[in-house]
Amino acid sequence: MRKYLRLLAIFYKNTLINELEYRLNFLSNMFLSLFWLTWAALSVRVYFFHADSIQGWTYYQTLIVMGLFFGMNGYRQMILTPNLSRISEYVRMGTLDYMLTKPVDSQFMVSLRNIGVYNWGDPLLGLGLVIFALAHLGVWPSPMQIVLFVVMLVAAAVLLYSLNLILQTTTIWLVNVERVDTLVQGLLETGRFPVNFYGGWVRAALTVIVPVAFMTTFPTQALLGRLNSSTALISVAAAIIFLIIASTFWRFALHSYTGASS
Amino acid sequence: MRKLLRVYTALLKANLSEALEYRAQIFLWLISSIFPLVMMSVWLALLSEAKQIAGWGQADFVSYYVGMILVNHLTGSWLLWDWDDDMRTGGLSTKLLKPIDPFHYHISGQLGWKALLVIFIVPVIVGVAVLSPLVTFPLNFLTSLTFILALIFGFILTTVIACTFAMLGFWSTQVRNVYQLWFGAGQFLSGFIAPLAMFPPAVRSIAYVLPYRGYLGFPLEILTGHLTWPDIEFGLITDIIWITIFFILYRMLWKAGLRRYEAVGA
């Protein structure tokens, strides 16, 4: 475990130093993140010109969901895209062979080797928006609700990772599954709003088939004290089960992988 | 003129066949259409509590956002990214050696993709419009023609705007981010975030005279039958004025930038 943490520190430090060399870029990207966050918050406002609440959600409650969407999307761009989306490239270029010879776990290497620094501000700004919205609502969550919120967020992050890994692992056989990432991004877009905003079957699909509801709506409900315990339990269970499936699937895929040179 | 036409035919052919190789992208474009549909469902959620919003009913919103997918694809442009790549990688130098203005390469590149989009996306949208009773595009002969004209104007407008911003690349490395700011701010006033009819009248009047509406809201309002004559005329004239302004700006910046570029290269 300690070895892995030390490795991560080395990997990320290098990337960060590299990025900080281009200070103008760094600041410019940060500013752009802030711009898009304001953009998103204002764009939701338009709906509330015409109603005080939508399906039981007020403007500031909706902003919490929006903040978490930024957080999740930032996490995807920082951790998932720079790593998992490269599996296809690793297979094509033969880098995977090289990775397998390293004395560290291969799943660790393909999942965490890189970090995207381009959107590093997004999760922080998203959290800022959540706090801003809570301040406007004037109700601060209890410590119990905060704990539940964090648990739900971790479950969401694990779930998103696992689904991504499963999708990207298929490239071991189908080398040309390109842009799975864009598909995931498109689906995650629906997480900008509470899942209750969507009608009938779309809402069902976003809960059961593509679990977008788990990413932003459920953690928000936890924070607002609206989440029932069975949903919380399902969330955690789903995260654990999918992580096991993804990990098993990765190992299974490696068994059938024959290398680039043969 | 005839020479230019021959060049365009050749470039278009090359670009179209290149675009055809990336057929998979079409699917991704459809995915990228998710955002309008997400916004549409929020309006529909609102409508489940009220009968009409600012005079718009269910069919109005559905038609608007389905039409948006079409207009967005047809007037959209990633010209700026092409230009920016050219400037960073030095591809511009190679293009400058050739006997025609680099502008034509970029335009024909865009047109090649548009041709492909027309082949793939238009049938889908027309199919949806025919099959779904909620999607109605009340066009007659005259409004169809103005719709097509507004689309062409919209495409030219995004093109000259992108070219103008691309020219800033002669002086700065942050062009993509600057363009994103411009573009993002414009999405409030172009009719992308919400139909302009949903905004307070003051915002709407500002939007009507700015360039943003020309490439989205304006053609879309014609398509969905929300515009009548004097307003259509006003929109077309606004388009022409902005196209002229940006074209002049672009050419001025191009000349100034090129002098600078040659000075650095020499």
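Since the model is a prediction, treat every value here as computed from it, not as a measurement. (Residues numbered from 1 in each chain as written. Chains lettered and ligands numbered in written order. Predicted model: local features only at pLDDT ≥ 70, side-chain atom pairs only at ≥ 80, totals over all residues. Heavy atoms only, no water.)

### Description of the overall build of chain B
Thought 1: The helix and strand inventory of chain B stands at 12 helices and 0 strands.
Thought 2: In chain B, the order of α-helices and β-strands from amino to carboxyl end is α-α-α-α-α-α-α-α-α-α-α-α.
Thought 3: Over its C-alpha trace chain B gives a radius of gyration of 20 Å, about what one expects of a compact globule, namely 18 Å for 266 residues.
Thought 4: The C-alpha extent of chain B, read off along each of the three principal axes, is 65 × 40 × 30 Å.
Thought 5: By residue count, 50% of the 266 residues in chain B fall in the buried class.
Thought 6: At a minimum sequence separation of 6, the contacts of chain B that also span at least 24 residues come to 78%.
Thought 7: For chain B, the accessible surface area stands at approximately 12500 Å², while carbon and sulfur atoms represent 70% of it.
Thought 8: Separation of charge centres in chain B, based on 17 positive and 14 negative side chains, amounts to 8 Å. (Helix = DSSP H or I, 4+ residues; strand = E, 2+ residues; numbered from the N terminus. Rg over C-alpha atoms; globule rule 2.2 N^0.38 Å. Buried < 20%, exposed > 50% of the residue type's maximum accessible area, 1.4 Å probe, protein only. Contact = heavy atoms within 4.5 Å. Areas by Shrake-Rupley, 256 points an atom, 1.4 Å probe, with all protein chains shown as cover. Lys, Arg positive; Asp, Glu negative; His and termini not counted. Charge placed at Lys NZ, Arg CZ, Asp CG, Glu CD.)

### Regarding the overall build of chain A
Thought 1: Along the backbone of chain A there are 13 helices and 2 strands.
Thought 2: Scaling as 2.2 N^0.38, a compact globule of 262 residues should have a C-alpha radius of gyration of about 18 Å, and chain A matches this with 20 Å.
Thought 3: Counting only C-alpha atoms, chain A reaches 65 × 45 × 35 Å along its principal axes.
Thought 4: When each of the 262 residues of chain A is scored for burial, the buried share is 50%.
Thought 5: When the accessible surface of chain A is split by element, carbon and sulfur atoms take 68% of a total near 12700 Å².
Thought 6: Counting 16 positive and 10 negative side-chain charges, chain A places the centres of these two groups 7 Å from one another.

### Focus on the side chain of His104(B)
Thought 1: Mapped onto the fold, His104(B) is located in helix α7 (residues 102-131).
Thought 2: Excluding residues within four positions of it along the chain, His104(B) makes contact with Leu4(B), Tyr8(B) and Leu11(B).

### Digging into empty space enclosed by the protein
All names here are of chain B.
Thought 1: Summed over the entire model, instances satisfying the criterion amount to 2 cavities of 30 Å³ or more.
Thought 2: If you go around the largest cavity, the residues you meet are Tyr-208, Leu-210, Pro-211, Arg-213, Gly-214, Phe-218, Gly-235, Thr-238, Asp-239 and Trp-242.
Thought 3: If one sorts the elements of the lining of the largest cavity by residue count, helix α12 (residues 229-265) sits on top with 4 residues.
Thought 4: Taken together, the residues of the lining of the largest cavity sort by class into 5 nonpolar, 3 polar and 2 charged. (1 Å grid on protein atoms, 1.4 Å probe; cavity = no way out; pocket = protein on both sides within 12 Å on 5 of 7 lines; lining within 4 Å. Points joined across faces, edges and corners; volume = space filled by probe spheres on them. Nonpolar A, V, L, I, M, F, W, Y, C, P; charged D, E, K, R; others polar.)

### Looking at the interface of chain B and chain A
Thought 1: At the interface, 31 residues of chain B touch 31 residues of chain A.
Thought 2: Regarding the contact of chain B and chain A, the summed buried area is about 2700 Å², with carbon and sulfur atoms giving 72% of it.
Thought 3: There are 0 salt bridges connecting chain B and chain A.
Thought 4: One can count 10 residue pairs in polar contact (both at pLDDT 80 or more) joining chain B with chain A.
Thought 5: When contributions to the side of chain B that touches chain A are tallied by element, the ones reaching two or more residues are α2 (24-32), α3 (34-47) and α9 (175-189) of chain B.
Thought 6: With 9 residues, the top contributor of residues to the side of chain B that touches chain A is α3(B). (Buried area = accessible area lost by both parts, 1.4 Å probe. Salt bridge = Lys/Arg side-chain N within 4 Å of Asp/Glu carboxyl O. Polar contact = N/O pair within 3.5 Å; in protein donor to acceptor, adjacent residues only side chain to side chain.)

### Quick word on the packing of aromatic side chains
Thought 1: A complete count under the given rule lists 31 aromatic pairs over all chains for this structure.
Thought 2: Here the aromatic rings of Tyr64(B) and Tyr65(B) are separated by 5.4 Å at their centres, their planes lie at 80°, and the arrangement is edge-to-face. For the residue pair Tyr64(B) and Tyr65(B), the accessibility class agrees, reading buried in each case.
Thought 3: When the ring centre of Tyr59(A) is taken as reference, the NZ or CZ atom of Arg45(A) above it lies at 4.6 Å. (Phe/Tyr/Trp six-rings, centres within 6.5 Å; stacked < 30°, edge-to-face > 60°. Lys NZ or Arg CZ within 6 Å of the ring centre and 35° of its normal.)

### Points about the pattern of salt bridges
Thought 1: What the rule picks out here adds up to 6 salt bridges over all chains.
Thought 2: With its nearest N and O atoms 2.7 Å apart, the salt bridge here joins Glu189(A) to Arg192(A).
Thought 3: Judged by its relative accessible area of 10%, Arg192(A) is buried.
Thought 4: Across the salt bridge formed by Asp101(B) and Arg251(B), the nearest N and O atoms sit 2.9 Å from each other. Of the two residues, Asp101(B) sits in the loop between α6 (91-97) and α7 while Arg251(B) sits in helix α12, which places them 150 residues apart along the sequence.
Thought 5: It is possible to trace a salt-bridge network through shared partners that takes in Asp84(B), Asp85(B) and Arg176(B).

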